[in-house]
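Residue-level structural notes
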Amino acid sequence: MSTESATLKAYAAHPRTPEYAPLRFGTLTPALEQAPEDGTYYLNMGPQHPSMHGVLRLLLRLDGEKVVECEPVIGYSHRAHEKMAERGIFAQFLPNPSRMDYLGGMIYNVGYCQAVERAFSIEVPERAVVLRTLCCELNRISSHLLWFGTFLLDLGAFTPFLLAFQDREKILDILDSASGSRLTYCYANFGGLALDVPEDFAERTRQYIKEQRAAFHTYHELVTGNVIFRQRCEGVGIITQDTILSYGMTGPNARASGIAYDVRKAEPYGFYPEVEFDVPTRDEGDCLARYFVRFEEMEQSLRIVEQCLDRLPEGPVGPKKPLVRVKPKPGEYYHCVESPRGQFGMFIVADKDPEPWRIKARTPSFSNLSAMAEMLEGTMVADTIAILGSIDIVMPEIDR
Amino acid sequence: MTALLDTLEGTLGGWGTTLLVGFVALAGLITVNAMFMVWFERKVAGWVQGRLGPMEHGPQGTLQTLLDVVKLLGKESIIPAQVDRKVFLLAPVVAFLPALAMLSLLPYDNNLTMTDVESGLLLVFAFGGVSLMGIFMGAWSSNNKFALLGGMRAVSQNIAYELPLLLSAMAVVLCAGSLNLGEIVAAQTGENGLWFIVMQPVALGIYLIAATAETNRAPFDIPEAESELVAGFHTEYTGMGFAVFFLAEYTYMFIVCGIGATLFLGGGDGPLLPGPVWFILKVYFLLFLMVMARWTYPRLRFDQLMNLAWKFLIPLSLINLLATAAVLKFVEVGS
């Protein structure tokens, strides 16, 4: 038995934490009306707050600057994506997944296509498989770069934010040249890709890889060795393996706590079985570990992109006529991919109709955010922001 | 010009003329400094971050700040319902007014001081304490939790950092043998005068760190920490109320750097160029360092900031002060 499936079993076997789950969500709100008698007070952070990453609302009970209790309140950008899926045919849901997680749009788009293709046995040409993997990894880098920028912005450093955005811009341009959109992609469709990449795609990507490796050096010079940055991150917001398993946290957050679970390795899909890459892990589980894990992941992603470019086969990128109406086989299907934030899964229930009977998205940030309440207790207000930033949540993906 | 001054002297007397001319000049200095500093800061930020900074209005965007001021003037001043009105309106003024007094004490050249006070250095720091009152008044009267947190942070931070600031300045005072800012400059110029940066490099370092913290500038901008406290103590201020706080911040930056230039860099001392020009150049050099720090470092956490002051800067400045005193005594005994 491989180590990956042992990790999966550990997730499944771990008992949930009932003392936390029913206590949170909704318990603090009525207490906001009256002031507590023990000298603590409530602070309502968000949904309009500069560092709540969109529309998260955190209710904090503070003792001076110390957080006594915390409750994340979600749902401010709920758009009923799952319901939308039921109202049209499978192809009509294609633009939606990339709008759930606007930072990992390509991965969500590809993930949904792969789920449908796997469920209904649709063939994908080899070139499309490689290109999808390539674009997904570029997308992962762009997401991690944005995380790097906003995390440092949360810590009060403005310059890394702009540096990261300048480099991210190059990825967006490359993906734009291929797919025609910059953020919410609808590049993959059933059976392949909508379009082939332009001629100079490989050349531009190689140029970008070179520049990005140099840029990583700049980031490390500017940020990684900085004393203030180290002090803000080291030993702050430690997530134990127990917490990770009980809340089902995945992705870089889990790997920073020493759980080497990566869907790309555990349940390989696409071109990943063919390429060489490592799954970086750390054991500390603090903000700094999450920072390092994400940086190493970006370097691994660059490696994957290079290998994909080297082994990009010629041929068609999809069926001659776009496959609009898939023929569903009744049944229940689940397919998951590794998004920049963890395991993104698509659960599809199909009957004979061309519309899906039900689509349920398993989004990683929801699980990751659930652990916040437990992690924040006893920290300072400034740490709250640092921990929230280090977890890398995307609100529309939580609310869907 | 001379005729105008003569007329003034005839009607107001010598002292009155000094006061009038001085305040007009200082008002000009404050405005021009704030205008220039905001532009300068944006340009340096752009340079650090690989972009251009303001470019649209005027050559190299020099008129950008002027237009920003016009925009702020045109904005509605919203006074929220829950605030303590009188204190809320008074707070920006209290925060800003001491700046005028402090500027009038600075020696812009050997003899160019508006009010030459024997214990000028002490007075400057004392006025600095008053401005803190304004910040806390604004925070408290806002009746807003973010503002209150910012105000509490501002008070404890300023009290903690006033000590290393004063202690590092005291080391210079020991060397110069006077609290008079003019005499401190005089001790650094002349025949065998030496800028105190040579004798007191440690004190200069402590002074710069403490001064950055005193003016609530990044990486010590904890009272306004926008990623945590929205805007800290001035969360509820709009339009001109905010603009006055903003103006105060930039004026205090000029003042602390002015004192820094006076204490460590010989004030208006320098070859070829006239004294005031040297003084301004030195001040803007120090300001450049402050701006660079802001665009390079992340923000400290509150407890780390306190640890830095109480566990590191204050002991270090005390040691520096004692060492300076000991050396001076030995030199005195030896000669």
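Quick caveat: nothing in here was measured; it's all calculated off a predicted structure.

Bringing the sheet that holds strand β8 (residues 356-362) of chain A into the picture now. Residues and elements named next belong to chain A. A sheet is described by the order of its strands in space; here 3 strands give the open sequence β6-β7-β8, paired in antiparallel fashion. Both edges of this open sheet fall to β6 (331-339) and β8, since each of them pairs with a single strand only. Taking each pair of neighbouring strands and ignoring which way they run, the sheet shows an average axis angle of 15°. The sheet contact formed by β6 and strand β7 (residues 342-350) spans 9 bridges and is antiparallel. From the neighbouring strand, Cys-336 faces β7, where its bridge partner is Gly-345.

Scanning the model with the defined rule gives 35 aromatic pairs over all chains in all. With centroids separated by 6.2 Å and ring planes inclined at 50°, the aromatic side chains of Trp-147 of chain A and Tyr-291 of chain A adopt a geometry described as tilted. With Trp-147 of chain A in helix α6 (residues 126-154) and Tyr-291 of chain A in helix α13 (residues 287-310), this pair connects stretches of sequence that are 144 residues apart. Between Phe-136 of chain B and Trp-140 of chain B, the ring centres sit 5.9 Å apart and the planes meet at 35°, which makes this aromatic pair tilted. Linking Phe-136 of chain B with Trp-140 of chain B, this pair stays in helix α4 (residues 120-142), spanning 4 residues, or about one helical turn. Assessed through its relative accessible area of 29%, Phe-136 of chain B is described here as partly exposed. Overall, the relative accessible area of 57% leaves Trp-140 of chain B in the exposed class.

Right, let's talk about the domain arrangement of chain A for a bit. All names here are of chain A. Examined at the domain level, chain A breaks down into domain 1 (22-73) and domain 2 (81-398). Just the C-alpha atoms count here: the centres of domain 1 and domain 2 sit 30 Å apart. Between domain 1 and domain 2, the contact holds 18 residues from the first and 17 residues from the second. Here domain 1 and domain 2 share an interface that buries about 1,600 Å² over both sides, 71% of which is from carbon and sulfur atoms. At the surface where domain 1 touches domain 2, the tally comes to 0 salt bridges. Where domain 1 packs against domain 2, one counts 3 residue pairs in polar contact (both at pLDDT 80 or more). At the level of secondary structure, the elements contributing two or more residues to the side of domain 1 that touches domain 2 comprise β2 (57-63) and β3 (66-73).

Right, let's get into the nonpolar core. Core analysis: the largest hydrophobic core is formed by 121 residues, its most contacted members being Phe-190 and Tyr-291 of chain A. Residues within four places of Phe-190 of chain A in sequence aside, it is in contact with Phe-90, Ala-91, Leu-94, Tyr-112, Cys-113, Val-116, Glu-117, Ile-122, Pro-319, Leu-323 and Val-326 of chain A. Counting residues in each nonpolar core, the second largest holds 70 residues, with Leu-26, Met-114, Ala-210 and Leu-287 of chain B among its members.

Further remarks concern the interface of chain A and chain B. Think of interface size as the accessible area that goes away when the parts come together; that is how it is often given. The partner chain B presents 23 residues to the 34 residues of chain A that form the contact. Together, the buried faces of chain A and chain B total about 2,500 Å²; carbon and sulfur atoms form 61% of this surface. Summed over the three residues of chain A that lose the most area to chain B, namely Glu-65, Thr-159 and Ile-228 of chain A, the buried surface amounts to 21% of that side. Counting across the interface, chain A meets chain B through 2 salt bridges. A salt bridge links Glu-65 of chain A to Arg-153 of chain B, with the shortest nitrogen-to-oxygen separation between them at 2.5 Å. Taken together, chain A and chain B are joined by 8 residue pairs in polar contact (both at pLDDT 80 or more). Where the side of chain A that touches chain B is concerned, the elements lending two or more residues are β1 (41-45), α6, α7 (159-179), α9 (227-233) and α16 (381-391) of chain A. Looking at which element gives the most residues to the side of chain A that touches chain B, the answer is β1 of chain A, with 5 residues. Taken together, the residues of the side of chain A that touches chain B break down into 21 nonpolar, 9 polar and 4 charged.

All names here are of chain A. The sheet contact formed by β7 and β8 spans 6 bridges and is antiparallel. Bridge pairing links Ala-350 to Pro-356 in β8. A loop of 5 residues connects β7 with β8, the two strands running antiparallel in sequence.

Summed over all chains, the structure comprises 35 salt bridges over all chains. Residue Glu-306 of chain A is joined to Arg-213 of chain A by a salt bridge in which the shortest nitrogen-to-oxygen separation is 3.2 Å. A residue pair is termed long-range when its members are at least 10 positions apart, and Glu-306 of chain A in helix α13 and Arg-213 of chain A in helix α8 (residues 201-224) qualify at 93 residues. Between Arg-42 of chain B and Asp-68 of chain B there is a salt bridge, with the nearest N and O atoms lying 2.7 Å from each other. Taken together, the residues span a long stretch of sequence, with Arg-42 of chain B in helix α1 (residues 2-48) and Asp-68 of chain B in helix α2 (residues 64-74) at a distance of 26 residues. Three or more residues are tied together by salt bridges with common partners; here these are Glu-137, Arg-140, Arg-255, Asp-262, Arg-264, Glu-297 and Glu-338 of chain A.

The next thing to look at is helix α12 (residues 302-334) of chain B. Helix length check: α12 of chain B, at 33 residues, gives a terminal C-alpha distance of 46 Å against a target of 48 Å (1.5 Å per residue), a fit within 8%. If you look at α12 of chain B, its biggest bend is around 35°, right at Leu-313 of chain B, and the proline Pro-315 of chain B turns up within four residues after that. For α12 of chain B, the set of buried residues is Phe-302, Gln-304, Leu-305, Met-306, Ala-309, Leu-313, Ile-314, Ser-317, Asn-320, Leu-321 and Thr-324 of chain B. Those residues of α12 of chain B hidden inside the fold are in contact with α9 of chain A together with α5 (145-176) and α8 (201-214) of chain B.

Conventions adopted
Residues numbered from 1 in each chain as written. Chains lettered and ligands numbered in written order. Predicted model: local features only at pLDDT ≥ 70, side-chain atom pairs only at ≥ 80, totals over all residues. Heavy atoms only, no water. Pairing = 2+ DSSP bridges. Helix = DSSP H or I, 4+ residues; strand = E, 2+ residues; numbered from the N terminus. Axes fitted to C-alpha atoms, helices over the stretch in contact; angles between N-to-C directions. Phe/Tyr/Trp six-rings, centres within 6.5 Å; stacked < 30°, edge-to-face > 60°. Buried < 20%, exposed > 50% of the residue type's maximum accessible area, 1.4 Å probe, protein only. Domains from an automatic or database assignment. Contact = heavy atoms within 4.5 Å. Buried area = accessible area lost by both parts, 1.4 Å probe. Salt bridge = Lys/Arg side-chain N within 4 Å of Asp/Glu carboxyl O. Polar contact = N/O pair within 3.5 Å; in protein donor to acceptor, adjacent residues only side chain to side chain. Core = buried A, V, L, I, M, F, W, Y, C linked by side-chain atoms within 4.5 Å. Nonpolar A, V, L, I, M, F, W, Y, C, P; charged D, E, K, R; others polar. Expected span 1.5 Å × (residues − 1). Bend = angle between axes of the 7 residues up to and from the residue.

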